[in-house]
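In case you want the letters, here they are:
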Amino acid sequence: MPDSKIKAILIGAGQRGAQSYAPYALQHPDELQFVAVAEPNALRRAAFAQQHHIPKEYQFESWEELLQKPALGEAALVCTQDWQHTAPAVAAMRAGYHVLLEKPMSNLSADCRTLLEVSRQSGQQLHICHVLRYTPHFNKMRELVQSGVLGQIVQVEQRENVSFWHMAHSYVRGNWRNSQESSPMILAKCCHDLDILPWVLGQNPVSLASSGSLMHFRPENAPAGAPQRCLDGCPAADTCPYYAPHIYLEMSPFWNSVSDTSLGFNRWATHAYTENPALIRALSVFVPSLKQIPNYGGWPLTVLAQNPTAQDIAEALQTGPYGRCVYHCDNDVVDQQVVLMQMEDGASVTLTMHGHSHHEHRSTRIEGSHGRLLAEFGNGGSRITIDEHRTDWHVEYITSKVESDNGAGHGGGDLSLVASFLQSIRSGDTATALQGTREALQAHLLAFAAEESRLTGKFIQKERWI
Ligand SMILES: NC(=O)c1ccc[n+]([C@@H]2O[C@H](COP(=O)([O-])OP(=O)(O)OC[C@H]3O[C@@H](n4cnc5c(N)ncnc54)[C@H](O)[C@@H]3O)[C@@H](O)[C@H]2O)c1
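Residues numbered from 1 in each chain as written. Predicted model: local features only at pLDDT ≥ 70, side-chain atom pairs only at ≥ 80, totals over all residues. Heavy atoms only, no water.

### Concerning the domain arrangement of the protein chain
Its domain assignment divides the protein chain into domain 1 (6–128), domain 2 (133–217 + 330–414 + 443–464) and domain 3 (256–295). Between the C-alpha centres of domain 1 and domain 2 the distance comes to 28 Å. On the domain 2 side, the residues contacting the 17 residues of domain 1 number 16 residues. Around 1,300 Å² of area is buried between domain 1 and domain 2 when both sides are counted, 51% of it from carbon and sulfur atoms. Put simply, Arg-16 and Asp-414 hold a salt bridge, and the shortest N to O gap is 3.1 Å. (Domains from an automatic or database assignment. Contact = heavy atoms within 4.5 Å. Buried area = accessible area lost by both parts, 1.4 Å probe. Salt bridge = Lys/Arg side-chain N within 4 Å of Asp/Glu carboxyl O.)

So, in structure tokens, the structure goes:
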């Protein structure tokens with residue numbers, strides 16, 4: 001068993017690897033240290049190496065080079081793009097690393113099965129980044145449902161409400177716009193929900209059906225006269241919600257979202273900034289922490305440029321993919337999809353995903369024979385309410401992650417996931433880790449089955465995905 005500080009390598013120092021998970025090592029240097037990085041983008045590689053004090057000889061341009069070396073530590077974080085997960089994760093396990101692998105495991109179902117098999121054969125742990133399992137919100141929901149307070153679970157509605165601007169950023173203009181190049185939307189966005197639902201309910205689906213389509217982000221819905229790029233004199237510049245400078249330069253949709261998902265002073269300050277930026281700039285002279293709002297340079301701007309300035313962003317909008325008109329992109333992933341599942345006990349579950357929400361959040365409604373659960377995750381904080389039928393007892397649980405916004409993405413799930421991965425390595429409990437990988441595999445196979453059902457119009461029985 002390794003000592004309490006685990007040495008790790010990072011494969012893919014992009015948004016997730018460098019910004020969502022690696023900060024754990026900076027916050028807990030006694031638990032985690034990055035000793036090598038593989039990243040083809042020289043700016044990202046250098047920035048990560050500098051932050052984590054990685055010497056030149058342990059900085060690599062690709063995972064192939066890095067994994068040729070004997071194992072440099074116990075853990076590998078694989079945070080490359082969807083289609084680049086299987087090969088480095090398999091190679092890392094075979095090289096003797098326990099692996100934390102970004103979701104989706106792979107965009108191919110056969111590869112997902114291979115990943116589980118390699119973990120089983122090699123004895124190396126494989127943890128999949130199903131971050132929702134590590135949030136206070138979904139843990140509380142699971143505890144409540146499994147306490148029996150709702151009686152027999154009869155009907156469940158889960159909604160993944162993707163905000164209009166996040167949809168445009170990631171799934172119309174961005175990396176996950178094309179299902180052949182990346183993943184079908186139901187896999188990319190909802191493998192989390194397909195993981196969390198059986199986990200919360202304590203039972204698995206036995207059949208499913210799905211329907212959905214790309215309705216809105218198509219050429220026929222473009223405003224009259226809209227050019228290929230927003231900055232080429234678009235006549236709808238003042239009215240289109242997807243006008244790129246509105247999203248990336250004014251950034252009001254982003255700050256509205258931050259405000260909607262924050263609490264207390266942060267909520268007030270970010271909201272005030274959307275209404276009166278000059279006020280927040282003036283106040284930041286006296287309250288220096290406010291400077292992080294006008295000086296913000298994190299996601300989604302870091303997708304457009306490394307250490308982005310306003311000029312970098314303006315240039316990226318002139319020439320890069322994020323300046324394209326949303327009605328004239330090469331996107332094909334759906335912007336609305338519903339999955340209907342029947343569970344072992346007979347309950348019906350609907351999972352609705354759509355990309356036209358005003359606020360980014362998930363919501364859940366669980367109807368039981370003895371009570372009802374309603375939950376909101378990431379909309380003005382997060383909360384769960386229970387109403388009991390017989391007694392009319394009503395209780396509300398606040399499940400927001402409040403202590404720190406620093407890197408605590410996904411309602412606190414990102415960093416808690418890293419903590420759990422490290423703990424699992426320290427415990428050496430391979431059997432529990434393998435069970436977790438099996439459950440992650442099921443979530444992915446459900447997503448592939450849902451996509452098959454959407455495309456074929458057929459109801460699918462569990463024998464097809466087991
Ligand atoms: N768990 C979640 O909730 C969650 C959320 C968002 C994204 N994701 C997933 O995380 C993954 C990464 O997403 P991202 O936004 O960080 O992408 P990204 O493009 O910012 O990062 C991927 C990095 O991998 C690097 N890379 C490419 N080829 C490589 C190679 N041969 N060796 C080493 N590195 C290489 C790229 O240069 C890039 O910096 C994706 O699969 C995505 O679907 C998961």
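### Considerations on the sheet that holds strand E2 (residues 32–38)
Pairing is parallel across the open sheet formed by six strands, whose spatial order is E3-E2-E1-E4-E5-E6. Each edge of the sheet is formed by a strand with only one pairing partner; in this case those strands are strand E3 (59–60) and strand E6 (126–128). As paired elements, strand E4 (residues 75–78) and strand E5 (residues 98–101) share four bridges and run parallel to each other. Bridge assignment links Ala-75 to a residue of E5, and that residue is His-98. (Pairing = 2+ DSSP bridges. Helix = DSSP H or I, 4+ residues; strand = E, 2+ residues; numbered from the N terminus.)

### Let's talk about the sheet that holds strand E8 (residues 205–213)
Judged by pairing direction, the sheet is mixed, and its nine strands sit side by side in the order E14-E13-E12-E11-E7-E10-E9-E8-E15 without closing on themselves. Across the chains shown, the open sheet's two edge strands, defined by having one partner strand only, are strand E14 (394–398) and strand E15 (460–461). Taken together, the eight bridges between strand E7 (residues 153–163) and strand E11 (residues 361–368) define a ladder with antiparallel strand orientation. What sits directly across from Glu-160, in E11, is Arg-362. Helix-sheet contacts for helix H7 (residues 136–147) involve E7, E11, strand E12 (371–377), strand E13 (383–388) and E14, and the interaxial angle to E12 is about 175 degrees. Helix H8 (residues 164–172) rests against E7 and strand E10 (348–357) of the sheet, and its axis sits at about 70 degrees to E7. (Axes fitted to C-alpha atoms, helices over the stretch in contact; angles between N-to-C directions.)

### Quick word on the site of the ligand
Residues in contact with the ligand amount to 26 residues; listed here are only the nearest, Arg-16, Glu-39, Arg-44, Asp-82 and His-192. Contacts to the ligand include Trp-63, whose backbone N or O atom sits 3.2 Å from a nitrogen atom. Between the ligand and Cys-129, the relevant distance is 3.3 Å, taken from a nitrogen atom to a main-chain nitrogen or oxygen of the residue. Here the shell around the ligand gets three residues from one element, more than from any other, and that element is helix H1 (residues 15–21). (Near = heavy atom within 4 Å. Polar contact = N/O pair within 3.5 Å; in protein donor to acceptor, adjacent residues only side chain to side chain.)

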